[in-house]
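# Observations on the model geometry
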Amino acid sequence: MANCSDMKVGDVFYCKVCGLEMQVNKACTCEPGKEGSCSVPLQCCGQDMTKR
């Protein structure tokens, strides 16, 4: 599961279904578990995206 708090600059995530690729150009600044932090995994085609 790809969550923005775990993503680093330069990481590439892709969809196993359609092949969409996304590269991280700026890291997220939220802290996991804190109020207002991102909690939804990065998804495409109804599935979690995978780190390349």
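The paragraphs below set out a description of the structure included in this document. Everything numeric in this text was worked out from a predicted model, so none of it was measured. (Residues numbered from 1 in each chain as written. Predicted model: local features only at pLDDT ≥ 70, side-chain atom pairs only at ≥ 80, totals over all residues. Heavy atoms only, no water.)

### A look at the side chain of Asn 3
Put simply, the rule is: The way it works is that DSSP assigns letters per residue, a run of H or I at least four long becomes a helix, a run of E at least two long becomes a strand, and they are numbered from the N terminus. Remark: exposure states derive from per-residue accessible area (1.4 Å probe, protein chains only) relative to the maximum for the residue type, with buried under 20%, exposed over 50%, and partly exposed in between.
Position of Asn 3 among the secondary structure elements: in the segment before strand 1 (12–14). The class for Asn 3 is buried, based on a relative accessible area of 12%.

### Points about the sheet that holds strand 2 (residues 21–23)
Worth spelling out the cut-off: Two strands are counted as paired when DSSP detects at least two bridges linking them.
Taking strand neighbours across the sheet as the criterion, the three strands line up as 2-1-5 in an open arrangement whose pairing is antiparallel. One side of each edge strand has no neighbouring strand; the edge strands of this open sheet are strand 2 and strand 5 (50–51). Both strand 1 and strand 2 contribute to a ladder of three bridges, which runs antiparallel. Within strand 2, the position partnered with Phe 13 by the bridge is Met 22.

### Let's talk about the packing of aromatic side chains
In plain terms, the rule: Two aromatic rings, drawn from Phe, Tyr or Trp (for Trp, its six-membered ring), form a pair once their centres lie within 6.5 Å of each other, and the interplanar angle then sorts them: stacked below 30 degrees, edge-to-face above 60, tilted otherwise. Two conditions define a charge sitting above a ring: the NZ of Lys or the CZ of Arg must be within 6 Å of the ring centre, and it must be within 35 degrees of the ring normal.
Applying the stated criterion across every chain, the model contains zero aromatic pairs. Note that Arg 52 overlies the ring of Tyr 14, its terminal NZ or CZ placed 4.1 Å from the centroid.

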